[in-house]
Amino acid sequence: MAEIYDPKPVTIPGFEFEERIIKAAARAEEECSADFKEIERTARINGERVLRAFINNKVSAACLNGSTGYGYGDTGRDTLDKVYAEVFGTEDAIVRATIASGTAALTTALFGILRPGDKIVSLTGSPYDTLEEVIGIRGKGNGSLADFGVIYDQVEMKADGKPNVAEIFQKVKGAKIAYIQRSRGYSLRPSLTVDAVGEIIKAAKGAEPSVIVMVDNCYGEFVETSEPSRVGADLIVGSLIKNPGGGIAHSGGYIAGRSDLVELVSYRLTCPGVGREAGASFDENRPLYQGLFMAPDVTAAALKTAVFTTRLMTMLGYKCYPQPDERRGDIITSVILGDPGALTAFCRGIQKGSPIDSFVTPEPWDMPGYDSQVIMAAGAFNNGASVELSADGPLREPYAAYVQGGLTYTTGRLGILCALQEMYEKGELKLFI
Ligand SMILES: *Cc1c(COP(=O)(O)O)cnc(C)c1O
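Residues numbered from 1 in each chain as written. Predicted model: local features only at pLDDT ≥ 70, side-chain atom pairs only at ≥ 80, totals over all residues. Heavy atoms only, no water.

Q: Whenever I open this one, the nonpolar core confuses me. Can you help?
A: As a rule of thumb, soluble globular proteins bury nonpolar side chains together. Formed by 52 residues in total, the largest nonpolar core has its most connected members in Phe308, Leu312, Leu337, Phe346 and Met423. Put simply, the parts of the chain that give this core at least two residues each are helix H1 (19–31), helix H2 (33–56), helix H9 (285–315), strand S9 (332–336), helix H10 (340–352), strand S10 (374–378), strand S12 (400–404) and helix H11 (409–425). No other element matches H11, which puts eight residues into this core. Among residues more than four places away in sequence, those in contact with leucine 312 are Ala24, Ala25, Ala28, Ile416, Leu417 and Leu420. (Core = buried A, V, L, I, M, F, W, Y, C linked by side-chain atoms within 4.5 Å. Buried < 20%, exposed > 50% of the residue type's maximum accessible area, 1.4 Å probe, protein only. Helix = DSSP H or I, 4+ residues; strand = E, 2+ residues; numbered from the N terminus. Contact = heavy atoms within 4.5 Å.)

Q: How should the sheet that holds strand S6 (residues 235–239) be read in this particular structure?
A: Strand pairing in a sheet takes place through backbone hydrogen bonds and is either antiparallel or parallel in direction. What the seven strands build is an open sheet, ordered S1-S7-S6-S5-S4-S2-S3; its pairing is mixed. Strands with a single pairing partner mark the edges of an open sheet, and in this sheet they are strand S1 (92–96) and strand S3 (151–154). If you compare each strand with its neighbour and ignore which way they point, the axes differ by 15° on average. Where helix H4 (residues 102–113) meets the sheet, its contacts fall on strand S2 (119–122), strand S4 (177–181), strand S5 (212–216), S6 and strand S7 (253–257), and the angle it forms with S6 comes to roughly 150°. Against the sheet, helix H8 (residues 259–269) touches S1, S5, S6 and S7, its axis set at about 25° to S1. (Pairing = 2+ DSSP bridges. Axes fitted to C-alpha atoms, helices over the stretch in contact; angles between N-to-C directions.)

Q: I'm lost on the site of the ligand in this one. Help?
A: Taken together, the residues surrounding the ligand are Ser101, Gly102, Thr103, Leu106, Tyr128, Gln181, Ser183, Asp216, Cys218, Tyr219 and Lys242. Interatomic distance of 2.5 Å between a side-chain N/O atom of aspartate 216 and a nitrogen atom of the ligand. At a separation of 2.9 Å, an oxygen atom of the ligand approaches a polar side-chain atom of lysine 242. A total of 380 Å² of accessible area belongs to the ligand in isolation, and the protein chains cover 88% of it. (Near = heavy atom within 4 Å. Polar contact = N/O pair within 3.5 Å; in protein donor to acceptor, adjacent residues only side chain to side chain. Areas by Shrake-Rupley, 256 points an atom, 1.4 Å probe, with all protein chains shown as cover.)

Structure (structure tokens):
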């Protein structure tokens, strides 16, 4: 191991790090070797699945071309839908660069399926922040599901972060959609493994066999060798500036699942009657194909960066979630920095080590919808892409930095070292003060 993880591999002027940081990093990296092997094994299986789907669906050079106007007969777009469906093991899928975000993909799916008087119940506590206004938990009269008479309920996770099966059994009765969020999002609850998602689905369908299980799959794609769609989810939804876009997709989202549901969603995506037949792909087919092709390995790089971050920060005395030997369900790590100065320095260091906008200094700001200031570091090729190395956190207790992404392990690792160096120089690195 010593020759692989040479404690001083960096000799480029400008990347000078405190000796103790470099030594700790080398030790952390050695501790990562079993995790890295497992991550590579997962990437290999997912990579095989992706390449097979390209071959089985006869992806051609012509598929990489786009379309304009109505986009009728866009074979690149339609073939990509089939490739995604095969990769996720679903009957059908819709993948579009024009879906604005993960939230927009989830919203399209929800509005495509739910009708006035229907009930949706979240089985994994509060959904992601941005969905509160979509559902109508927060804000009124903006065209939320609540405005259209859709009823919402939720089952809180138990104190230990596990799903509450007894309550799921009660509350799912009569629901049209049972909603599961795989990733932790911006909470400290553990992310769900695919097996755990499968258990929740079993409970939900046991109580209400006709319920449609929809999974917010954001940040989870390719983290394991299976996906929620392979353990009973009827619909999975995600963002292309996260894992499945492989850092190459410029924008977009996907919805994959049962063909009758995907068809309903397609009418909300464009209009009833027209559905998926229209919708120009412009020049975005190529990056979407290439991104999916890269995605298993890019997700692996993000996971390696996450594991390295966790082992190193834990070694330096910072609590991390997930903890070093916990199984991961997504690519996010929260590092409890415990102090506003430390959080600010950490994020500024990440920014300094980014390929884009490295010269910019992130400042805490009053982000709409938050009750405290938020600091964000994101020097990404695609605006806001969180499969690229990024870090952010609200300036309140416990001063947690949410760290995610890393297109390559080389640059992910360097980004983390830059964060620690910045903390060190500002006198904020615990062990070395
Ligand atoms: C990122 C994310 C979303 C969607 O967020 P957008 O910023 O709208 O893409 C939804 N749910 C979870 C769990 C996420 O991580």
